[in-house]
Amino acid sequence: MDTEPPVRDETVILDGLRFHYRDWGDPDAPPVVLLHAYLQHARTWDTVATGLADRFRVLALDQRGFGESEWAADYHELRLVADLAEFVDALELGTFSLVGFSIGGSAAITYAQLYPERVQRLVAFECFTDPDVAEEAPYRHTMLAHLSRLRSLPETFAAPEKAVAAFRPLAPYAAEEELRHWMLGGLKQQPDRRWIWRYDPISRPPASLPGRLNADPDVLAARMAGVRCATLLLAGEESWMVEPTQRMLTRNPRTHMITVPQAGHWVPLDNPGGLLGAVSQFLHEDP
């Protein structure tokens, strides 16, 4: 749409790797940094970022090994946090707000706990499992089945529409146009004209991934307890993350929670308008 704010695609070198990021809004406006989910990319934030860009400078980073950023040898979750620290310093952001989804939420919480003077507001969602709940908990089985299905998606496609159809069962509420946008941003075409995912294949099978892309549940819960800024926790109303996210509220009195309707785990894909409304209101609240 002609009325949408322009976005700038930029690169920056962090820890010797080339990172891609997308940059919306007035460079002098209050900054908001967006961190994407597992096996995803910065372009998954396009709809939400466009809605925030009238009041904020919005920055969406392709984390190492994902999207258009370089692949790496080290994917430990603290390395992703260090990338974020280098990123905001490289852009001289000073203070800013953070929004993180899945592995991005784990990195955002950890950064906010380590650098409390830098983060004004924190939004984290779909990144919790509960260390206090037995492994037999029903939501845990749902989560593992979903993750297995995500990791077993085909590696190549004859056309982007095939990727849309393959991903559809994981995001039943998603609008077709939004789902297609996510898939197109996460694919690249090979010389043989087939399409492959834009991420390091080592990220798919957990046994081959050195380290963890997110913190252990008990570690993340302890870090959440140490976050000092106002924090909004979100979950899709139909997601398995509702229960563990609710329990996380007891870890920190500065947190509150919203469930986003018509959304499962993939909240910004299933209901970007609902997510945008919750995040925008929270970021605009008085300190």
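Refer to the structure presented above.
Below you will find a few notes about this structure. (Residues numbered from 1 in each chain as written. Predicted model: local features only at pLDDT ≥ 70, side-chain atom pairs only at ≥ 80, totals over all residues. Heavy atoms only, no water.)

A separate point is the side chain of Thr255. As for its placement among the helices and strands, Thr255 is situated in strand 11 (residues 255–260). A distance of 2.7 Å separates a polar side-chain atom of Thr255 from the backbone oxygen of Asn252. (Helix = DSSP H or I, 4+ residues; strand = E, 2+ residues; numbered from the N terminus. Polar contact = N/O pair within 3.5 Å; in protein donor to acceptor, adjacent residues only side chain to side chain.)

This next bit is on the packing of helix 5 (residues 160–167) against helix 6 (residues 176–185). Contact pair helix 5 / helix 6: the axes reach a minimum separation of 9 Å and the direction vectors enclose 115 degrees. As helix 5 packs across helix 6, the resulting crossing turns out to be right-handed. Here Pro160, Glu161, Ala163, Val164 and Phe167 of helix 5 come into contact with helix 6, specifically with Glu176, Leu179, Arg180, Met183 and Leu184. In terms of residue class, the contact of helix 5 with helix 6 is made up of seven nonpolar, no polar and three charged. (Axes fitted to C-alpha atoms, helices over the stretch in contact; angles between N-to-C directions. Left-handed = near helix turned anticlockwise from the far one by under 90°. Contact = heavy atoms within 4.5 Å. Nonpolar A, V, L, I, M, F, W, Y, C, P; charged D, E, K, R; others polar.)

Buried within helix 5 we find Pro160, Ala163, Val164 and Phe167. Around the axis of helix 5, the buried residues are gathered within 105 degrees of arc, so they sit on the same side. The exposed set on the far side of helix 5, more than 90 degrees from its buried face, consists of Lys162 and Ala165. Looking at the buried residues of helix 5, the elements they touch are helix 4 (138–151), strand 7 (156–157), helix 6, strand 8 (187–189), strand 9 (195–197) and helix 9 (267–270). (Buried < 20%, exposed > 50% of the residue type's maximum accessible area, 1.4 Å probe, protein only. Arc of directions from axis to C-beta.)

Okay, the sheet that holds strand 5 (residues 96–101) next. If you trace the eight strands from one edge of the open sheet to the other, you get 1-2-4-3-5-6-10-11, paired in mixed fashion. Each of the sheet's edge strands pairs with one partner strand only, and the pair in question is strand 1 (7–14) and strand 11. Adjacent strand axes in the sheet meet at a mean angle of 20 degrees, parallel and antiparallel pairs treated alike. With five bridges connecting them, strand 6 (residues 119–125) and strand 10 (residues 230–236) associate as parallel partners. Across the sheet, the residue bridging to Arg121 is Ala230, located in strand 10. Where helix 2 (residues 77–90) meets the sheet, its contacts fall on strand 1, strand 2 (17–24), strand 3 (31–35), strand 4 (57–61) and strand 5, and the angle it forms with strand 1 comes to roughly 115 degrees. (Pairing = 2+ DSSP bridges.)

The subject of this paragraph is the sheet that holds strand 8. Overall, antiparallel pairing links the three strands, which are arranged 7-9-8 in an open sheet. Each edge of the open sheet is held by one strand with a lone partner, namely strand 7 and strand 8. Of the pairings in the sheet, the one linking strand 7 to strand 9 comprises two bridges and is antiparallel in character. Paired with Phe157 across the two strands is Trp195, which belongs to strand 9.

Scanning the entire structure with this criterion turns up eleven aromatic pairs. Three or more aromatic residues joined by ring pairs form one cluster here, namely Trp45, Phe101, Phe125, Phe167, Trp182 and Trp266. The ring of Phe282 is capped by Arg121, whose NZ or CZ atom sits 4.7 Å from the centre of that ring. (Phe/Tyr/Trp six-rings, centres within 6.5 Å; stacked < 30°, edge-to-face > 60°. Lys NZ or Arg CZ within 6 Å of the ring centre and 35° of its normal.)

Here the focus is the pairing of strand 2. With seven of eight residues buried, strand 2 is to be regarded as a mostly interior element. When strand 1 meets strand 2, the two strands line up antiparallel, connected through eight bridges. Residue Arg8 lies in a different strand from strand 2, and its bridge partner there is Asp23. Between strand 1 and strand 2, which follow one another and run antiparallel, lie two residues, and Asp15 among them has a positive phi close to 55 degrees. Here strand 2 runs beside strand 4; their pairing, made up of four bridges, is antiparallel. Note that in strand 4 the partner of Arg22 across the bridge is Ala60.

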